[in-house]
Amino acid sequence: MIRRPPRSTLSSSSAASDVYKRQVGEDRDLLQEERNPSALKVQILGRPARAGRVVRRYAGARLEAAVERKGAGYLVRGTIRGRPGRIEVYRAPAPSVFLLNNWQSWGPMEPATPKTRFIELEAIVRDYSPYLFSPLPEELLRGPVSDYFAAWDGGLAGFLTSRVAHPFFTVEGGDLVGWLDYFGASFDDPVAIEPLAVLEDGRAEDLLAAYARLVKRANRARINPWNPAGWCSWYHYFGRLGWADVLENLEVAAADRSAFPFEVFQVDDGYETEIGDWETPKPGFPDLAGLAGAIKERGFRAGIWTAPFSAAETSRLFAEHPDWLVAEGGRPKPCYRGWGKAIYALDTTHPEVKRWLDATFRALRRAGFSYLKVDFLFAAAMPGERRKSVTPVQAYREGLRVIRRAAGRDFILGCGAPLWPSIGLVDGMRVGEDTAPYWKTKPSGFQGPNAYFALKNALMRQFMHRAFWLNDPDCLLLRDRENGLEPNERELYALAAGALDNMVIDSDRLSFLGPAEERLLRRSLALRGGRARVSGLMGESGRDAFRIEASGGPAGEARFWVNLADEEVVLEGRPIKARSGRGLG
């Protein structure tokens with residue numbers, strides 16, 4: 001049960017101030033400096049929003065915070081100690097429509113209402129994993145949940161970090177409520193709460209841009225200057241990948257670098273013997289050094305896929321180290337189903353697991369891999385019993401920090417990852433559902449791989465690009481065979497990815513690409529390098545209509561209408577065909 005806190009008294013605490021100054025970047029003076037009376041409707045830590053010091057005493061916990069007035073908004077920072085459970089930080093009347101954001105890569109960001117329900121989540125929680133789209137599945141099934149932030153035309157409330165607690169918003173009655181959940185963990189010493197920013201006045205996309213600057217600074221995120229272009233094996237070969245397939249595509253790419261201007265060549269799922277046994281390729285493949293060497297000899301950076309926090313029930317890792325796994329009742333706790341079997345999560349607080357992760361990624365680098373795609377990362381954030389008494393968010397960050405240190409300056413691409421806990425620890429991030437060789441316009445983003453959803457999320461989450469990491473919109477599928485995507489859909493995906501300045505990775509059997517597909521790839525790459533802004537997030541131009549405006553890149557000024565819908569739309573007097581784009585000159 002959530003206990004309501006008593007009314008606060010004002011207090012100052014130098015200890016609290018010192019902790020959050022150490023753990024939160026200097027993000028002052030970034031909010032608007034205009035007064036807005038609507039801010040008076042906001043409650044922060046159980047009282048009407050106003051600047052000052054706040055002390056809250058809960059059953060077994062004490063919170064001290066500073067609420068700062070920032071123009072038309074507020075910034076809330078502080079510390080907590082004891083056993084806080086779940087605390088309410090923010091409350092205000094719920095907007096009629098707001099942007100809902102899911103906690104991890106594959107989940108959607110899209111407009112929602114207080115009455116929005118995603119009925120397909122019940123089957124996902126039951127059949128695949130309770131923890132795929134939230135570490136708090138009971139909340140996910142109860143009603144709309146927006147993780148980290150909620151935004152709308154005229155306002156935004158968002159937490160700047162997720163280092164210890166899981167920040168999320170729910171609709172309670174007629175109110176939008178922001179929470180921090182600590183999963184029953186106890187803290188003998190004060191720890192910084194996840195800071196909250198409240199911004200008012202402005203369009204949703206403008207508020208998201210201001211929020212992104214706050215988040216970047218709070219997490220001290222540094223952006224890798226290399227924006228990869230490359231090839232990935234997954235979306236043509238899937239799990240059927242053989243060594244001959246890798247060699248064939250290497251030879252085609254190396255023979256015509258002008259047609260295939262790739263920098264990285266990444267081997268995806270399908271080379272390993274089991275999920276968890278990354279250093280032993282399956283029969284028919286060379287050892288890791290041989291695999292990386294073949295790629296590097298042809299002039300490409302070698303890339304490889306792992307799911308480093310996962311262990312299949314049939315893996316050697318699971319058989320030899322059941323004590324390394326997140327547990328329930330003293331026994332390994334299943335995390336999700338994949339590859340037709342139960343998959344378990346590594347306890348990333350276990351000293352031996354940390355040593356194993358470090359050794360694994362150092363071995364991959366020694367073999368010659370310098371582009372590391374790490375997938376299904378949400379597993380490490382599953383609630384459960386661990387060696388250390390920490391929150392799932394802390395456990396996740398412990399594991400990802402080990403990989404970051406082992407990788408050094410090499411490129412890490414996160415996927416299936418809790419978003420805010422990953423900021424500052426990865427170079428690139430998948431920002432949507434898996435793409436697919438088909439396009440299905442559906443009413444909900446929780447319905448599996450689909451080119452439509454993959455591209456839509458890249459548009460919706462563009463504000464994260466070059467603020468937190470480099471956005472990965474997932475792969476281009478350009479081939480005209482063994483592909484259900486129509487020519488207009490393939491072109492739209494490629495040109496939008498380029499105009500957004502996102503990572504551009506192709507995933508075709510390269511011998512299937514002719515001159516037209518090669519030209520499209522080059523057009524996509526030529527659009528990159530600018531600063532791109534996306535409008536239409538709230539659906540004001542149509543549910544699936546967006547405008548990309550890019551500037552400052554080699555291609556100069558670029559304006560591009562995107563229509564993801566199944567029917568033609570007219571925008572600014574111009575007809576835009578279904579599932580197509582149109583440049584505005």
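I will try to describe carefully the structure that is included in this document. From a predicted model like this one, the values you see are computed outputs, not experimental measurements.

Examining the overall build of the protein
So, point 1. For the protein, the helix and strand inventory stands at 14 helices and 36 strands.
So, point 2. Over its C-alpha trace the protein gives a radius of gyration of 24 Å, about what one expects of a compact globule, namely 25 Å for 585 residues.
So, point 3. Considering only C-alpha atoms, the protein reaches an extent of 70 × 65 × 40 Å along its principal axes.
So, point 4. Out of the 585 residues belonging to the protein, those deemed buried represent 64%.
So, point 5. Intrachain contacts of the protein at a sequence separation of at least 6 include 71% that bridge at least 24 residues.
So, point 6. By element, 49% of the accessible surface of the protein is carried by carbon and sulfur atoms, the whole surface being about 21,100 Å².
So, point 7. Each charge class in the protein was averaged separately, 80 positive and 74 negative side chains, and the resulting centres sit 6 Å apart.

Overview of the pairing of strand β12 (residues 166-172)
On a regular strand, one side chain projects to one face of the sheet and the next to the other, so that they alternate.
So, point 1. Summarising burial for β12: 6 of the 7 residues are buried, a large majority.
So, point 2. With 3 bridges joining them, strand β9 (residues 145-147) and β12 adopt antiparallel strand pairing. Each bridged residue has a counterpart across the sheet, and for D147 the counterpart in β12 is F168.
So, point 3. As defined by bridge partners, β12 adjoins strand β13 (residues 175-181) across 7 bridges and the pair is classed as antiparallel. Across the sheet, residue V171 finds its bridge partner in β13, namely L176.
So, point 4. Counting the residues between successive antiparallel strands, the hairpin from β12 to β13 contains 2 residues, one of them, G173, with a positive phi of roughly 65°.

Thoughts on the pattern of salt bridges
One side chain can pair with another of opposite charge once the charged atoms of both are near each other.
So, point 1. The full count for this structure, using the stated rule, is 39 salt bridges.
So, point 2. D544 is the partner of K456 in a salt bridge, and the nearest nitrogen-oxygen pair spans 3.1 Å. With K456 in helix α12 (residues 451-460) and D544 in the loop between β31 (531-535) and β32 (545-553), this pair connects stretches of sequence that are 88 residues apart.
So, point 3. Looking at K456, the relative accessible area reads 5%, which means it is buried.
So, point 4. Through salt bridges that share partners, R86, E138, E139, R142, E172 and D181 make up one connected network.

Details of the sheet that holds β31
Sheets are built from strands paired through backbone hydrogen bonds, the pairs being either parallel or antiparallel.
So, point 1. The strand order across the open sheet formed by 4 strands is β31-β32-β33-β36, and the pairing between neighbours is antiparallel. Each having just a single partner strand, β31 and β36 (580-583) make up the two edges of the open sheet. Neighbour-to-neighbour, the strand axes of this sheet turn through a mean angle of 20°, independent of strand direction.
So, point 2. Here strand β33 (residues 556-563) pairs with β36 via 4 bridges, running antiparallel. Bridge assignment links W561 to a residue of β36, and that residue is R582.
So, point 3. Each of β31, β32 and β33 is contacted by α12, which is oriented at about 55° to β32, the strand it contacts most.

Focus on the sheet that holds strand β24 (residues 334-338)
So, point 1. In spatial order, the strands read β21-β25-β24; together these 3 strands make up an open sheet with antiparallel pairing. In the strand order of this sheet, the two ends are held by β21 (310-312) and β24, each with one partner. On average, adjacent strands in this sheet sit at an angle of 35° to one another, irrespective of strand direction.
So, point 2. Summarising the sheet, β21 and strand β25 (residues 341-345) pair through 3 bridges and their orientation is antiparallel. The residue of β25 that forms the bridge with A312 is I343.

A word on the pairing of strand β11 (residues 155-159)
So, point 1. Burial runs high along β11: 5 of the 5 residues are buried.
So, point 2. Residues G155, A157 and F159 point to one face of β11 and L156 and G158 to the other, with burial holding for every one of them.
So, point 3. Taken together, the 4 bridges between strand β10 (residues 149-152) and β11 define a ladder with antiparallel strand orientation. Paired with A151 across the strands is L156, a residue of β11.
So, point 4. Adjacent in sequence and paired antiparallel, β10 and β11 are bridged by 2 residues, among which G154 carries a positive phi angle near 110°.
So, point 5. For β11 and strand β15 (residues 196-200), the ladder comprises 5 bridges, and the chain directions are antiparallel. When the sheet's bridge partners are listed, G158 is paired in β15 with A197.

Calculation criteria
- Residues numbered from 1 in each chain as written.
- Predicted model: local features only at pLDDT ≥ 70, side-chain atom pairs only at ≥ 80, totals over all residues.
- Heavy atoms only, no water.
- Helix = DSSP H or I, 4+ residues; strand = E, 2+ residues; numbered from the N terminus.
- Rg over C-alpha atoms; globule rule 2.2 N^0.38 Å.
- Buried < 20%, exposed > 50% of the residue type's maximum accessible area, 1.4 Å probe, protein only.
- Contact = heavy atoms within 4.5 Å.
- Areas by Shrake-Rupley, 256 points an atom, 1.4 Å probe, with all protein chains shown as cover.
- Lys, Arg positive; Asp, Glu negative; His and termini not counted.
- Charge placed at Lys NZ, Arg CZ, Asp CG, Glu CD.
- Pairing = 2+ DSSP bridges.
- Salt bridge = Lys/Arg side-chain N within 4 Å of Asp/Glu carboxyl O.
- Axes fitted to C-alpha atoms, helices over the stretch in contact; angles between N-to-C directions.

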